[in-house]
Amino acid sequence: MLGQSQAFSGFAVGDLDEARRFYGETLGLQVEETGQGDMRMLTLRLAGGTQVFVYPKEAHTPATFTILNFPVDDIEAAVDELQRRGVTLERYPGFDHDEKGIVRVGEGEGDDAPAAIAWFTDPAGNVLAILQEH
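All values reported here derive from a predicted model rather than from experimental measurement.

Engineer: So what about the pattern of salt bridges? Which residues, and what values?
Structural biologist: Note that side chains of opposite charge can pair when their charged atoms are close. Under the definition given, this model contains 11 salt bridges. We note a salt bridge from Glu 33 to Arg 20, for which the minimum N-O separation is 2.8 Å. Of this pair, Glu 33 sits in strand β2 (residues 30-34) while Arg 20 sits in helix α1 (residues 16-26), placing them 13 residues apart in sequence. The class for Glu 33 is partly exposed, based on a relative accessible area of 34%. Since its relative accessible area comes to 30%, Arg 20 is described here as partly exposed.

Engineer: So what's going on with the environment of Val 87? Residues and values would help.
Structural biologist: Tracing the backbone shows Val 87 in the loop between α2 (75-84) and β6 (89-90). Among the residues examined, Val 87 registers a relative accessible area of 6% and is labelled buried. Residues Val 87 and Leu 42 lie 45 residues apart in sequence; the distance between their C-alpha atoms is 21 Å.

Engineer: Please set out the nonpolar core residue by residue, giving values where relevant.
Structural biologist: In this structure, Phe 11, Tyr 23, Leu 44, Leu 68, Phe 120 and Ile 130 are the most contacted members of the largest nonpolar core, which totals 29 residues. Of all the secondary-structure elements, those providing two or more residues to this core are β1 (9-13), α1, β3 (41-45), β4 (51-56), β5 (66-71), α2, β8 (115-121) and β9 (127-132). If we ignore the near neighbours within four places in the chain, the residues touching Phe 120 are Phe 22, Leu 27, Leu 82, Val 87, Thr 88, Leu 89, Glu 90, Asn 126, Val 127, Leu 128, Ala 129 and Ile 130. In this structure, Val 103, Ile 117, Val 127 and Ala 129 belong to the second largest nonpolar core, which totals five residues.

Engineer: Hey, could you go over the pairing of β2 for me, with residue numbers and the actual values?
Structural biologist: Judged from the five bridges that link them, β2 and β3 form a sheet pairing that is antiparallel. Across the sheet, Val 31 pairs through a bridge with Leu 44, a residue of β3. Hairpin remark: β2 followed by β3, antiparallel, with six residues in the connecting loop; positive phi at Gly 35, about 80°.

Engineer: Any chance you could break down the sheet that holds β4 for me, citing the residues and the numbers?
Structural biologist: Sheet architecture is open: four strands sit in the order β1-β4-β3-β2, paired in mixed fashion. Single-partner strands in this sheet number two, and they are β1 and β2. With direction set aside, neighbouring strand axes in the sheet form an average angle of 25°. Running over the sheet, α1 touches β1, β2, β3 and β4 and is turned about 15° from β3.

Engineer: So, the side chain of Asn 126: which residues are in play, and what are the values?
Structural biologist: When you line up the elements, Asn 126 lands in the loop between β8 and β9. Leaving out residues up to four positions away in the same chain, Asn 126 has contacts with Phe 11, Ala 12, Val 13, His 60, Pro 62, Ala 63, Ile 67, Phe 120 and Thr 121.

Engineer: Give a description of the packing of aromatic side chains that names residues and reports values.
Structural biologist: Tallied over the entire structure, the rule returns six aromatic pairs. Where Phe 22 meets Tyr 23, the ring centres are 5.2 Å apart and the plane angle is 90°; that geometry is what we call edge-to-face. An identical accessibility class is assigned to Phe 22 and Tyr 23; each is buried. In textbook terms, an aromatic cluster arises when at least three aromatic residues are bridged by ring pairs, as seen for Phe 8, Phe 53 and Tyr 55.

Rules used throughout
- Residues numbered from 1 in each chain as written.
- Predicted model: local features only at pLDDT ≥ 70, side-chain atom pairs only at ≥ 80, totals over all residues.
- Heavy atoms only, no water.
- Salt bridge = Lys/Arg side-chain N within 4 Å of Asp/Glu carboxyl O.
- Helix = DSSP H or I, 4+ residues; strand = E, 2+ residues; numbered from the N terminus.
- Buried < 20%, exposed > 50% of the residue type's maximum accessible area, 1.4 Å probe, protein only.
- Core = buried A, V, L, I, M, F, W, Y, C linked by side-chain atoms within 4.5 Å.
- Contact = heavy atoms within 4.5 Å.
- Pairing = 2+ DSSP bridges.
- Axes fitted to C-alpha atoms, helices over the stretch in contact; angles between N-to-C directions.
- Phe/Tyr/Trp six-rings, centres within 6.5 Å; stacked < 30°, edge-to-face > 60°.

By themselves these figures say nothing about function.
Encoded structure:
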């Protein structure tokens, strides 16, 4: 029934202006704002045509899961750039993080190199991740 629908995801933030700055300026995403007054909202336009709806919620509680995952070719360079832009990586119990805060899963080299992931939060406390498959 909905197989041909161009579905999109959304999440809440406590401060739309702060979210616009973070997603647009800090992360460098294309951000569009629509509406006015209490009816303002953001649309994040991601590579490949994906859109994500961001809406304000007065009593916002951060999501308890990773809301966005960003695949990258070079996680080391991506972590360095995020940190240069003022982003702090999260370190979760139960994971072995390297000195930069990256978690690696698996062993090997080349196509068998370990997958890697690093988590961070937006200003509203929602969790995001960058990941490199190999």
